[in-house]
Amino acid sequence: MHFVIIGAGPAGSQAATDAARLGVEVTLIEREVVGGAANLWDCVPSKTMIATGGAMTDVGRLEQMGLGRLEPSLDLPALKRRITGIAEHLERATTEVLRRQGVRLLRGTGRLTGPRTVLVEGPEGTETLEADAILLATGSRPRVPAWAEPDGQRVLVTRDAYPPPELPEHLVVVGSGVTGVEFVHMFTSLGAQVSLVVSRQQVLPGKDPEVAAALEEEFLRRGVQLLKGARAVGLDRHEDGVTVHCHDGRAVRGSHVLLAVGSIPNSAGLGLEAAGVEVSESGHVPINHHCQTNVPHIYAAGDLSGKLPLSSVATMQGRKIAEHVVMGHTAAHRHLNYDKAPSAIFTDPEIADVGLAEAEAFASGRKIRVTKVPFSASPRALISGDTRGFVKIVSDPATGVVLGGSIVGRNASELIAVLAVAVTAGLRVQDIVDSMPVHPALAEALAEAAD
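An account of the accompanying structure is given in this report. Just so it is clear, the structure is predicted and the values come from calculations on it, not from any experiment.

Section: the overall build of the chain
- For the chain, the helix and strand inventory stands at twelve helices and 23 strands.
- Taking 451 residues into account, the globule formula puts the C-alpha radius of gyration at 22 Å, and the chain, at 23 Å, falls close to it.
- Its C-alpha atoms give the chain principal-axis dimensions of roughly 65 × 65 × 45 Å.
- Of all 451 residues assigned to the chain, the portion counted as buried reaches 50%.
- In the chain, 61% of the contacts between residues at least 6 apart in sequence involve partners at least 24 apart.
- With an accessible surface of roughly 20300 Å², the chain has 51% of that area assigned to carbon and sulfur atoms.
- Side chains of the chain carry 42 positive and 51 negative charges; the gap between the two charge centres is 2 Å.

Here it is in structure tokens:
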């Protein structure tokens, strides 16, 4: 069997290594970076910059911990070298894993020319591959609204900002989803003034309102200007800055503007029509519970599939696809439940959630039990000097089964794993209590909320 994969991001790389380990001949095609452009050019750099900003913020807390105050300064060239070094290290590590598993890696662009043929065009020429199974995992790219034209200098998309050519004096962020709020946190931590254009009445639309309110409170404390209910419709460039215009007549001027308004799947030019693969109006490739397209031996995963745009989800999709390609219906396959996938937002404080949200349950009329414990009651939070945030657990009042939860606070992205296991495995709140978390630890708040 020959398994051909287009795209070496989290989904493609995971599917390639797993399938090769199971004895399948695998060819992996990548035109940019092994490990995924969205991962190594977006996710990893942004979290690296957030870590640097977080270190600067932590230095500001030294006085309350009995230490003398320091005044750190940002070294942009050094930060850029650190970002590049981490990304290159991860690409080398992923490439080495693929090599050890016997995966054939082709540099170039892959395109379907039929249901079972893939044309590869690269620096070493062209090659046509015959495939028994195909995975499309080509990721996405930043969306650019029609009224904006990025120049990489003052009008930036996300990939222009890791880091930007210079630290903005006043950054206007357009878009208040996950990416937008992470950039607000990142640049305020690094010392920039920030304005955020919020098209809805809260940041993070679709998230728990209480969670969004906690983040908004932190933004206001940092001096962030929030323009709520303001949809950006245009911009003017000036010699020394940019003005963003909103649909209601409001305008905000800054030294730079960052566009964080979503992404577009990389489905154009894939040859989907030649293979008979259906594509939605948005450019995504619809899939079933096995990640199969309407052509059963052709799979899609990651951002291209239109499911949750998370590297963790893409990795799991790749793992499941490899199992299905090799074993088909001869083995039991646990279907992916995207509603139970945990997610995290790397602001300060961090935000993480999983499963059923409180607002979602009330909107559907479902009976739930909600318990909440603030970190201000946590000994570990007091010791660390950061008591912001809370733990909230949503459970079934009749059975005690954990249905979901939200965490706002330090290390929320790590703590959410406990609730994710509980939601996935159908554990009860009493199971969390009985796990006896270490003292003093932030995880104690989970047990207290569950009790």
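With respect to the sheet that holds strand E14 (residues 241-246)
- Read from one edge of the open sheet, three strands run E13-E14-E15, paired in antiparallel fashion. A single partner strand is all that each edge strand has here, and the edge strands are strand E13 (232-238) and strand E15 (251-254). Direction aside, the axes of adjacent strands within the sheet are offset by 20 degrees on average.

Here we look at the sheet that holds strand E5 (residues 117-122)
- Pairing is antiparallel across the open sheet formed by three strands, whose spatial order is E4-E5-E6. Two strands close off the open sheet at either side, each with one partner strand: strand E4 (109-114) and strand E6 (125-130). Adjacent strand axes in the sheet meet at a mean angle of 25 degrees, parallel and antiparallel pairs treated alike.
- Here E5 runs beside E6; their pairing, made up of six bridges, is antiparallel. Bridging from a neighbouring strand, Thr117 pairs with Glu130 of E6.

Here's the deal with the nonpolar core
- If you look at the biggest cluster of nonpolar residues, it comprises 48 residues, and the most contacted ones within it are Phe3, Val26, Val118 and Leu135.
- Counting only elements with at least two residues in this core, the list comes to strand E1 (2-6), helix H1 (10-21), strand E2 (25-30), E5, strand E7 (133-136), helix H6 (272-275), strand E18 (298-300) and helix H7 (311-327).
- Residues in contact with Val118, not counting those within four places in the same chain, are Val4, Ile6, Ile29, Gly110, Arg111, Leu112, Thr113, Glu127, Thr128, Leu129 and Ile134.
- If you look at the next biggest cluster of nonpolar residues, it comprises 35 residues, including Met56, Val181, Val203 and Val408.

So, unusual backbone geometry
- The omega angle of the peptide bond from Tyr162 to Pro163 is -15 degrees, so this bond is cis rather than trans.
- Of note, Pro163 is situated in the loop between strand E9 (155-157) and strand E10 (170-174).
- His439 connects to Pro440 through a cis peptide bond whose omega is -5 degrees.
- Structurally, the position occupied by Pro440 is in the loop between helix H11 (429-434) and helix H12 (444-450).
- Unlike most non-glycine residues, Leu204 shows phi in positive territory, near 50 degrees.
- As for its placement among the helices and strands, Leu204 is situated in the loop between strand E11 (193-198) and helix H5 (209-221).
- Positive phi, normally seen in glycine, also occurs at Cys291, with a value near 70 degrees.
- In this fold, Cys291 is placed in the loop between H6 and E18.
- Cys291 sits in the buried class, given a relative accessible area of 1%.

Digging into helix H4 (residues 178-189)
- Here H4 spans 17 Å end to end across twelve residues, near enough to the 16 Å set by a 1.5 Å rise per residue.
- Where burial is concerned, most of H4 is hidden: ten out of the twelve residues are buried.
- Three or more residues of H4 are buried, namely Gly180, Val181, Glu182, Phe183, Val184, His185, Met186, Phe187, Thr188 and Ser189.
- Gly191 occupies a position one or two residues after H4 and carries a positive phi of about 110 degrees.

A look at the environment of Glu444
- By the secondary structure assignment, Glu444 is in helix H12.
- Beyond its immediate stretch of four places on either side in the chain, Glu444 contacts Pro379, Pro437, Val438 and His439.

What to know about the packing of aromatic side chains
- Tallying each qualifying case throughout the model produces two aromatic pairs.
- Residues Tyr162 and Phe183 carry aromatic rings whose centres are separated by 5.7 Å and whose planes lie at 25 degrees to one another, so their mutual orientation is stacked. Remark: Phe183 occurs in helix H4 and Tyr162 occurs in the loop between E9 and E10; sequence separation between them is 21 residues.
- The class of Phe183 is buried, set by a relative accessible area of 2%.
- Where Phe183 meets Phe187, the ring centres are 6.1 Å apart and the plane angle is 15 degrees; that geometry is what we call stacked. You can see Phe183 and its partner Phe187 sitting in helix H4, four residues apart, about one turn around the helix.

A short note on the pattern of salt bridges
- For the structure on display, the rule yields 26 salt bridges.
- In this structure, Asp18 and Arg319 form a salt bridge, with 3.9 Å as the shortest nitrogen-oxygen distance. With a gap of 301 residues between them, Asp18 in helix H1 and Arg319 in helix H7 connect regions that are remote in the sequence.
- The buried category is assigned to Asp18, whose relative accessible area is 10%.
- Overall, Arg319 belongs to the partly exposed group, its relative accessible area being 28%.
- Across the pair Lys392 and Glu210 runs a salt bridge whose closest N-O atoms are separated by 2.6 Å. Placement of the pair is Lys392 in strand E22 (residues 390-395) and Glu210 in helix H5, with a sequence separation of 182 residues.
- Where salt bridges share partners, they join Asp58, Glu218, Arg221, Arg222, Asp348, Asp386, Arg388 and Arg410 into one cluster.

Examining the packing of helix H2 (residues 37-59) against H4
- Remark: H2 packs on H4, axes separated minimally by 8 Å, with the N-to-C direction vectors making an angle of 45 degrees. Relative to H4, the element H2 lies oblique. Crossing geometry of H2 relative to H4 is assigned as left-handed. Residues Ser46, Lys47, Met49, Ile50, Gly53, Met56 and Thr57 of H2 form the contact with H4, whose own contacting residues are Glu182, His185, Met186, Phe187 and Ser189.

Quick notes on the rules
Residues numbered from 1 in each chain as written. Predicted model: local features only at pLDDT ≥ 70, side-chain atom pairs only at ≥ 80, totals over all residues. Heavy atoms only, no water. Helix = DSSP H or I, 4+ residues; strand = E, 2+ residues; numbered from the N terminus. Rg over C-alpha atoms; globule rule 2.2 N^0.38 Å. Buried < 20%, exposed > 50% of the residue type's maximum accessible area, 1.4 Å probe, protein only. Contact = heavy atoms within 4.5 Å. Areas by Shrake-Rupley, 256 points an atom, 1.4 Å probe, with all protein chains shown as cover. Lys, Arg positive; Asp, Glu negative; His and termini not counted. Charge placed at Lys NZ, Arg CZ, Asp CG, Glu CD. Pairing = 2+ DSSP bridges. Axes fitted to C-alpha atoms, helices over the stretch in contact; angles between N-to-C directions. Core = buried A, V, L, I, M, F, W, Y, C linked by side-chain atoms within 4.5 Å. Expected span 1.5 Å × (residues − 1). Phe/Tyr/Trp six-rings, centres within 6.5 Å; stacked < 30°, edge-to-face > 60°. Salt bridge = Lys/Arg side-chain N within 4 Å of Asp/Glu carboxyl O. Parallel < 35°, antiparallel > 145°, perpendicular 65-115°, else oblique. Left-handed = near helix turned anticlockwise from the far one by under 90°.

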